[in-house]
Number of protein chains: 2
Amino acid sequence: MSPNTLPVAVDAMGGDNAPLEIIKGAELALEAGIPVMLVGQPEALSDVEGIPTKFASEVIGMGEDPATAVRKKKDSSLVRSAEAVRDGEAIAMVSAGNTGATMASALLKIGRIRGVSRPAIATPIPVPGRSKPNILLDSGANAECNPEWLVQFAEMGAVYARDRFNTKKPKIGLLSIGEEPSKGSLLVKEAFGLLSDQDWQERCSGEFIGNVEGRDLMNPDVDVVVADGFTGNVALKTLEGTAKSIVTALLDVFSSSPEAEEGAKLLAPSLLPLYETLDPESVGGAILLGIKGVAMVSHGSSKAKAIFNAIATAFELSTDEHVRHLEHVIKR
Amino acid sequence: MSPNTLPVAVDAMGGDNAPLEIIKGAELALEAGIPVMLVGQPEALSDVEGIPTKFASEVIGMGEDPATAVRKKKDSSLVRSAEAVRDGEAIAMVSAGNTGATMASALLKIGRIRGVSRPAIATPIPVPGRSKPNILLDSGANAECNPEWLVQFAEMGAVYARDRFNTKKPKIGLLSIGEEPSKGSLLVKEAFGLLSDQDWQERCSGEFIGNVEGRDLMNPDVDVVVADGFTGNVALKTLEGTAKSIVTALLDVFSSSPEAEEGAKLLAPSLLPLYETLDPESVGGAILLGIKGVAMVSHGSSKAKAIFNAIATAFELSTDEHVRHLEHVIKR
């Protein structure tokens with residue numbers, strides 16, 4: 001690592017476990033040799049040692065309206081993190097805070113890649129039995145979309161799958177309610193037509209495999225699932241909620257009787273890899289694709305490990321020039 | 001049971017396990033004292049004893065276009081089942097076949113309840129730790145909806161929750177991507193406004209609790225989740241797919257080593273109730289709400305137990321005059 005390498009700006013105030021777990025995550029990154037910078041209120045960062053800090057007096061809450069909050073709280077940790085990227089003080093940004101506000105800060109301060117109509121949130125979806133997750137986008141940035149945007153999501157998703165997960169020729173599916181091109185909403189039917197075009201597939205080295213269904217989000221036969229932000233977010237939260245309900249119910253069963261406890265103990269070593277796959281902490285968080293810089297959004301419940309993973313991913317994508325690859329593929 | 005009670009018409013040809021498992025399901029119903037009638041091709045029903053049959057020469061396949069298939073295959077088991085209800089030969093119908101074609105047959109032959117704009121598919125969603133499932137509608141009948149239809153879905157869902165699951169004052173949530181009324185697609189935001197009106201809530205004795213998210217489908221604090229058919233179907237399939245992926249991965253773990261096998265054996269008795277809750281076979285299938293008769297749609301993968309449950313539910317709802325309750329609530 002060159003001594004001049006820029007750090008990843010980490011929003012110390014974002015998420016349910018801020019600032020403690022965020023700071024711990026940054027410390028893990030430092031130990032791993034990744035340059036970081038913590039952005040937050042002075043009192044929250046008073047005990048931080050060995051990590052550069054940038055002070056911001058305000059905090060944008062999880063429930064605040066993104067656009068309003070970003071406009072009004074000019075000295076918030078989120079806005080200041082985005083400014084650090086804009087001003088060449090940081091190479092990328094990471095936040096576990098308000099997703100909409102992260103998007104708004106990044107858009108306003110860092111800006112959009114030329115030619116991108118709407119940035120999208122790309123979220124990794126665990127695939128049991130495989131270390132590489134699938135990618136779902138848009139998972140919540142744009143509640144209303146037009147068909148052309150979905151094609152751009154597909155292009156950006158393909159580039160991301162290659163840069164982040166080393167998928168050579170990403171298979172891209174369109175989230176619908178049946179495999180036939182005639183199935184789905186008007187939006188999806190129009191998007192199917194546009195996605196069938198060869199031009200964009202060649203440009204991004206992706207392959208459109210047609211409609212996929214909700215049950216295919218964890219399917220290893222697809223790499224990127226494209227949806228409008230409303231449908232994508234409903235699907236993502238349904239998947240997370242279902243996994244959590246089942247895991248919670250399982251844990252209840254494991255402690256329900258002495259026999260069950262004994263059985264759970266015997267199973268534990270074999271269960272661990274599955275648990276790791278399903279654990280949102282293991283994956284490095286979502287990314288805002290279409291921004292002129294790397295901006296990662298970690299889950300609100302992120303602990304140190306998830307923050308570390310997000311920082312490491314942000315750093316790797318930045319040094320690998322992911323944004324330049326996106327710029328190259330997007331048609332102006 | 002009066003000797004004149006009409007039977008439930010069961011489509012013997014519908015589903016992945018037809019006709020064998022369908023016939024077995026009908027036999028279970030007969031044993032339980034529920035009058036049934038099997039509708040299908042003569043050769044498929046040649047071994048049936050003690051159950052009245054109605055012959056139909058054609059079968060509508062799972063992949064066929066619903067409207068076309070129903071129009072062309074006039075002598076199909078699905079169309080004949082619907083006609084049996086229309087003609088007063090059967091009290092209700094059950095099929096594990098093509099859902100769209102079941103809807104089309106029911107609409108065309110049995111007809112819509114007066115005042116209903118669009119019938120919807122209402123699907124039970126298991127709630128771990130609770131015997132009573134939630135209800136999701138529309139889970140796939142109408143890919144494009146307008147806000148007024150969503151209000152009718154809510155009304156019908158409330159009546160159904162009361163008639164089927166004895167929920168006195170059903171709590172109804174609108175599926176969106178955030179709890180605030182400002183979150184979601186244009187459709188959802190408009191529907192939120194209409195659903196906030198007291199009038200329909202009083203008419204159906206339901207309570208609108210606002211927006212819910214994908215993670216709330218299995219939440220015991222809601223009884224009925226309302227969505228357009230596209231979003232509802234994506235959510236349903238995502239939930240089913242996630243549950244199936246996790247259960248499959250678990251079963252793999254259980255047989256992965258001698259220790260794991262031993263552990264699984266110890267856990268089995270405690271795991272069974274959870275497995276039962278999540279098993280689609282345990283629930284009596286989905287219903288088409290808004291039809292002038294009870295029409296149940298079982299999962300394509302249904303075996304005898306699921307078919308029996310669907311028949312029993314159809315019979316109970318019919319004798320309890322569920323359709324009359326719906327007619328009473330829907331504004332003409």
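Residues numbered from 1 in each chain as written. Chains lettered and ligands numbered in written order. Predicted model: local features only at pLDDT ≥ 70, side-chain atom pairs only at ≥ 80, totals over all residues.

1. Some remarks on the pairing of strand S1 (residues 8–11) of chain B
Residues and elements named next belong to chain B.
And then number 1: Here S1 shows no split at all, with Val8 and Val10 on one side and Ala9 and Asp11 on the other all buried.
And then number 2: In terms of strand pairing, S1 meets strand S2 (residues 36–40) through four bridges, oriented parallel. Paired with Asp11 across the two strands is Val39, which belongs to S2.
And then number 3: Between S1 and its parallel partner S2, the chain crosses via helix H1 (residues 20–31), and the hand of that crossover is right-handed.
And then number 4: By the bridge criterion, three bridges tie S1 to strand S4 (residues 92–95) in an arrangement that is parallel. When the bridges of S4 are listed, Val8 appears paired with Ala92. (Buried ≥ 20, exposed ≤ 12 C-beta atoms within 10 Å, placed from the backbone. Helix = DSSP H or I, 4+ residues; strand = E, 2+ residues; numbered from the N terminus. Pairing = 2+ DSSP bridges. Right-handed = clockwise from strand over helix to strand, strands pointing away.)

2. Things to note about the sheet that holds strand S7 (residues 171–175) of chain A
Strand pairing in a sheet relies on backbone hydrogen bonds, with the paired strands running either antiparallel or parallel.
All names here are of chain A.
And then number 1: Pairing within the open sheet is mixed, and its 11 strands lie in the order S3-S2-S1-S4-S11-S10-S5-S6-S9-S7-S8. Of all the strands in the sheet, the pair left with one neighbour each is strand S3 (53–55) and strand S8 (207–212). When the angles between neighbouring strand axes are averaged without regard to direction, this sheet yields 25°.
And then number 2: Contacting strand S1 (8–11), strand S2 (36–40), strand S4 (92–95) and strand S11 (294–297), helix H10 (residues 304–319) crosses the sheet at an angle of about 160° to S4. (Axes fitted to C-alpha atoms, helices over the stretch in contact; angles between N-to-C directions. Contact = placed C-beta atoms within 7 Å.)

3. Some remarks on the nonpolar core
And then number 1: Counting residues in each nonpolar core, the largest one holds 220 residues, and the members touching the most others are Val8, Val10 and Ile311 of chain A together with Val8, Val10 and Ile311 of chain B.
And then number 2: Ignoring sequence-local partners within four residues, the contact set of Val8 of chain A consists of Ile34, Pro35, Val36, Ala90, Ile91, Ala92, Val94, Ile311, Ala314 and Phe315 of chain A.
And then number 3: Listed in part, the 14 residues of the second largest apolar core include Val253, Leu266, Leu267 and Leu271 of chain B. (Core = buried A, V, L, I, M, F, W, Y, C linked by C-beta atoms within 7 Å.)

4. A short note on helix H4 (residues 99–110) of chain A
Residue and element names in this part refer to chain A.
And then number 1: With 12 residues, H4 should reach 16 Å at 1.5 Å per residue; the first-to-last C-alpha distance of 16 Å fits that figure.
And then number 2: In terms of burial, H4 is largely enclosed, as 11 of its 12 residues are buried.
And then number 3: Taken as a whole, H4 has its buried residues at Thr99, Gly100, Ala101, Thr102, Met103, Ala104, Ser105, Ala106, Leu107, Lys109 and Ile110.
And then number 4: Gly111 occupies a position one or two residues after H4 and carries a positive phi of about 90°. (Expected span 1.5 Å × (residues − 1).)

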